[in-house]
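Commentary on secondary and tertiary structure
Next come the chains, spelled out residue by residue.
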Amino acid sequence: MQQSMVIRWCLLFLVAFQSMEVNQAARILAPFFFPGKSHLIMTNAIVRELVKRGHEVTFITAFSLAKENLGPNYKEVLIPQYDFWPRIKEKSKKTTVLEMADLSSLTFIALCQDMGLHSTDFAFQQPEVQALIQAKNKLGKYDLLLAEEFYNEGALILGHLYQIPIVTISTFGYTNYLSNMFGFVAPWSFVTHMYLPYTDRLSFSERIHNTYLCTMEVFLRRFYYLPAQDAILRKHFSHLLDEVPTVKQLNNNVSAILINNFMPLDAPRPTSFNMIPVGGLHIVPPKPLPKHLQDFLDGATHGAIYFSLGSQVRSAEFPPEKIQILLEVFGSLKQRVLWKFEADKLDHLPDNVMIQNWLPQADILAHPNVKVFIAHGGQFGIQEAVYYGVPLLGIPIYADQHGNIHKSVAKGYALGLSYDAISTDTLNGSLSELLYNPKYQTNAKRASRIYRDRPLGAMDTAMYWIDYVIEHRGAPHIISASLSLSWYQLYLLDVLAVALVIILIPLLGLYFLCTKSSRRTPTKVKRN
Ligand SMILES: *[C@@H]1O[C@H](CO)[C@@H](O)[C@H](O)[C@H]1NC(C)=O
Ligand SMILES: *[C@@H]1O[C@H](CO)[C@@H](O)[C@H](O)[C@H]1NC(C)=O
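Residues numbered from 1 in each chain as written. Chains lettered and ligands numbered in written order. Predicted model: local features only at pLDDT ≥ 70, side-chain atom pairs only at ≥ 80, totals over all residues. Heavy atoms only, no water.

1. Some points on the site of ligand 2
All residues adjacent to ligand 2 are S332, T424, N428, S432 and Y436. S332 has a polar side-chain atom sitting 2.7 Å from a nitrogen atom of ligand 2. Here an oxygen atom of ligand 2 sits 2.4 Å away from a polar atom, N or O, in the side chain of N428. Coverage of ligand 2 by the protein chains reaches 55% of its 370 Å² of free accessible surface. Along the lines of polarity and charge, the residues of the shell around ligand 2 split into one nonpolar, four polar and no charged. (Near = heavy atom within 4 Å. Polar contact = N/O pair within 3.5 Å; in protein donor to acceptor, adjacent residues only side chain to side chain. Areas by Shrake-Rupley, 256 points an atom, 1.4 Å probe, with all protein chains shown as cover. Nonpolar A, V, L, I, M, F, W, Y, C, P; charged D, E, K, R; others polar.)

What follows is the structure, given as structure tokens:
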């Protein structure tokens, strides 16, 4: 009797376990059209983890993961790499990324939109993507569309074609138009545009600037960018579909978005159940460093400085006089310097400086001897610095880098130095301040504790919500009803109109009564 009970329980458990497995393994279509290398840090980490957890992922990408041998659950659709730099250089009249430091934020928004339109159009032209579009029997083939939310919204049409729910990823964190897309009003009085070097505490003139840029972006999106995305969709799909959905309609169907940010890197702002902060999900426990790097950092008894300007900005493109300044300052320090330098050789390299054209950044920042990180202020570098509590010297060049550095300076774990202002004095002065004033370390460690303090790890959170959307078939209950409102309803302008009428009617009545009676008085006088 007892034995059969045990067997029954075991069987029940097995069945439950198996059905759990079956429920969890989903087929995910993941078109990632934007060929930005830094974006891959997040998107590839998510794809790898999904595959590791038993999902089948069809990854449309320009950067192959084939050599990682992710196993049979990983299916790759390799598309050619859209090279956006020639167009950007032509449109901005700049020849190197470094020169872009003086482009206005508005120009940069327009450049991103242009780049997004062309990379979307380019991706739809590829036979590999066409094969997915033309495929027969699309229904039931996939369970979820996972795409990036970075000026490639056209890709969401695959969710429409395959009739599957959509989860998107914002590799660049929160941005103004994301709020609108998810149905929220982000007040420009304290929610700053990500390209502006402001925090959430804005002065009056900063609020004017912020309102100006956000308004311009709203108009650019409404009257240029979104119609242009729609035109691309019509170009590629009007022969296939009776009614080609607009990008806005596609966006309104997005179930959830995974956002590359977390406290304290960004400030509180209006958000929703389906806007999920997962910043730092790419950070994994540090791996052992290659021996020469380990020895170099272990031997840095006075501490070490790590210098890298990310994947797009090349310090090897610095003009000779700037290189000279860097060599002079670095050479005069007691600290050792590890420099990501994209050429093989650099003359007159001081003994305490090591250059290499690629460096395992997060693992280096995890080394206790690293005291300062000289960075350009991209999202991922800042997240890694904060995670490991390393103070920053920020040399921002473009886009959100100015804002990221400004926020870090305001939080007390960074100093900023504009590229044009780099001189022996400014560079050495900033480095000395960061190295010898303990407040930067203290603030960096505090930020690190806040950043790590979460109910669920970043990657687990991302996986939870992807599974959630699949499990609840698009989870329509987490999509805001405000998306079905028109703009005057959302801003209550119709209610305001009624309120005005209610207030105005008695006032007008009163006014007419008064004028009537005052007109009557003089007539009386005349008669007399
Ligand atoms: C929105 O999602 C529903 C349910 O999955 C689907 O039937 C509809 O076609 C989608 N709309 C668009 C514009 O993709
Ligand atoms: C930089 O500052 C350090 C002190 O922090 C000093 O020893 C060094 O000589 C300075 N280097 C230059 C090039 O001024």
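2. Thoughts on the domain arrangement of the chain
The parts lose accessible area when they come together, and the size of an interface is often stated as this lost area. Here the domain parsing of the chain yields domain 1 (23-281 + 457-484) and domain 2 (291-452). Averaged C-alpha coordinates put domain 1 and domain 2 at centres separated by 30 Å. Listed as interface residues are 31 residues of domain 1 and, on the opposing side, 26 residues of domain 2. Across the interface of domain 1 and domain 2, roughly 2,500 Å² is buried in total on both sides, 66% from carbon and sulfur atoms. Taken as a group, L98, P264 and L265 account for 29% of the area that domain 1 buries against domain 2, more than any other trio of residues on that side. One salt bridge in this structure joins K407 and D266, with 3.9 Å as the shortest N-O distance. The tally of links between domain 1 and domain 2 comes to eight residue pairs in polar contact (both at pLDDT 80 or more). Ranked by residue count, the leading element in the side of domain 1 that touches domain 2 is helix α2 (residues 37-52), at five residues. Residues of the side of domain 1 that touches domain 2, tallied by class, amount to 19 nonpolar, ten polar and two charged. (Domains from an automatic or database assignment. Contact = heavy atoms within 4.5 Å. Buried area = accessible area lost by both parts, 1.4 Å probe. Salt bridge = Lys/Arg side-chain N within 4 Å of Asp/Glu carboxyl O. Helix = DSSP H or I, 4+ residues; strand = E, 2+ residues; numbered from the N terminus.)

3. Observations regarding the packing of aromatic side chains
One pass over the full model with this rule turns up 30 aromatic pairs. Seen in terms of ring centroids, F124 and F237 are 5.1 Å apart; in terms of plane orientation they differ by 85°. Their pairing is edge-to-face. Separated by 113 residues along the polypeptide, F124 in helix α4 (residues 105-125) and F237 in helix α8 (residues 204-237) bring together distant segments of the chain. You'll find F124 and F237 in the same group, each marked buried. Consider the rings of Y511 and F512, whose centres lie 5.9 Å apart with planes at 65°: the pair is edge-to-face. The pair Y511 / F512 is uniform in exposure class, with both members exposed. Positioned over the ring face of Y387 is R452, at 3.8 Å from the centre of the ring. The lysine or arginine in question, R454, covers the ring of Y451, its NZ or CZ lying 4.6 Å from the ring centre. (Phe/Tyr/Trp six-rings, centres within 6.5 Å; stacked < 30°, edge-to-face > 60°. Buried < 20%, exposed > 50% of the residue type's maximum accessible area, 1.4 Å probe, protein only. Lys NZ or Arg CZ within 6 Å of the ring centre and 35° of its normal.)

4. A short note on the site of ligand 1
Every residue lining ligand 1 is accounted for by H160, Q163, P245, L250 and N253. Here an oxygen atom of ligand 1 and a side-chain polar atom of Q163 are 2.8 Å apart. N253 places a polar side-chain atom, nitrogen or oxygen, 2.3 Å from an oxygen atom of ligand 1. The fraction of the free accessible surface of ligand 1 (360 Å²) that becomes covered by protein chains is 57%. A breakdown of the residues in the shell around ligand 1 according to their chemical character gives two nonpolar, three polar and no charged.

5. Topic: the sheet that holds strand β13 (residues 414-416)
The strand order across the open sheet formed by six strands is β10-β9-β8-β11-β12-β13, and the pairing between neighbours is parallel. If you trace the sheet from one side to the other, it starts and ends with β10 (353-356) and β13, each paired once. For this sheet the average axis-to-axis angle between neighbouring strands, irrespective of direction, equals 15°. One ladder, built from three bridges, connects strand β12 (residues 392-394) with β13; its direction is parallel. Note on β13: the bridge partner recorded for L393 is L415. Sheet strands in contact with helix α11 (residues 320-331) are β8 (304-307), β9 (336-340), β10 and β11 (370-375), and its direction is about 155° off that of β9. (Pairing = 2+ DSSP bridges. Axes fitted to C-alpha atoms, helices over the stretch in contact; angles between N-to-C directions.)

6. Some details on the pairing of strand β2 (residues 56-61)
Of all six residues in β2, five are buried; the element is thus mostly enclosed. Bridging between strand β1 (residues 27-31) and β2 involves five bridges; their strand directions are parallel. Pairing of P31 across the sheet is with I60, part of β2. Running through α2, the crossover from β1 to the neighbouring parallel element β2 is right-handed. Direction of pairing for β2 relative to strand β3 (residues 74-78): parallel, over a ladder of five bridges. Bridged to F59 within β3 is E76. (Right-handed = clockwise from strand over helix to strand, strands pointing away.)

7. Digging into the UniProt feature "transmembrane region" (unreviewed entry) in the chain
Here the UniProt-annotated "transmembrane region" (unreviewed entry) positions come out as residues 490-514. Across residues 490-514, the secondary structure splits into 92% helix and 0% strand, with the terminal C-alpha atoms separated by 38 Å. (UniProt positions renumbered as here; feature names shortened; annotations may be inferred.)

8. So, the packing of helix α3 (residues 85-92) against α4
The interhelical angle for the contact between α3 and α4, taken along N-to-C directions, is 145°, at an axis separation of 10 Å. Note that α3 runs across α4; the crossing there is right-handed. For the pair α3 and α4, the contacting residues are R87, I88, K91 and S92 in the first and L111, D114, M115 and H118 in the second. Per-class residue counts for the contact of α3 with α4 are three nonpolar, two polar and three charged. (Left-handed = near helix turned anticlockwise from the far one by under 90°.)

9. Quick word on the pattern of salt bridges
Inspection of every chain in the model, using the stated rule, returns 14 salt bridges. For D114, the salt bridge is made with R87, and the minimal N-O distance between the two is 2.5 Å. Note that D114 is positioned in helix α4 and R87 in helix α3, a separation of 27 residues in sequence. Classification of D114 as buried rests on a relative accessible area of 6%. Here K291 makes a salt bridge to D295, at a shortest N to O gap of 2.6 Å. Residue K291 and its partner D295 are both found in helix α10 (residues 291-298); the two are separated by four residues, about one turn of the helix. Note on K291: relative accessible area 60%, which makes it exposed. Shared partners join several salt bridges into a network, and the residues in it are E49, K52, R53 and D460.

10. Some words on the pairing of strand β4 (residues 144-148)
The element β4 is extensively covered by neighbouring structure, given that five of its five residues are classed as buried. What you see with β4 is no split at all: L144, L146 and E148 on one side and L145 and A147 on the other are buried throughout. Relative to β4, β1 runs parallel, the two being bridged by two bridges. The partner of L29 across the bridge, within β4, is L145. For β4 and strand β5 (residues 166-170), the ladder comprises four bridges, and the chain directions are parallel. Looking at the pairing, L146 lines up with V167 of β5. Note that the unit made of β4, helix α6 (residues 157-162) and β5 has a crossover that is right-handed.

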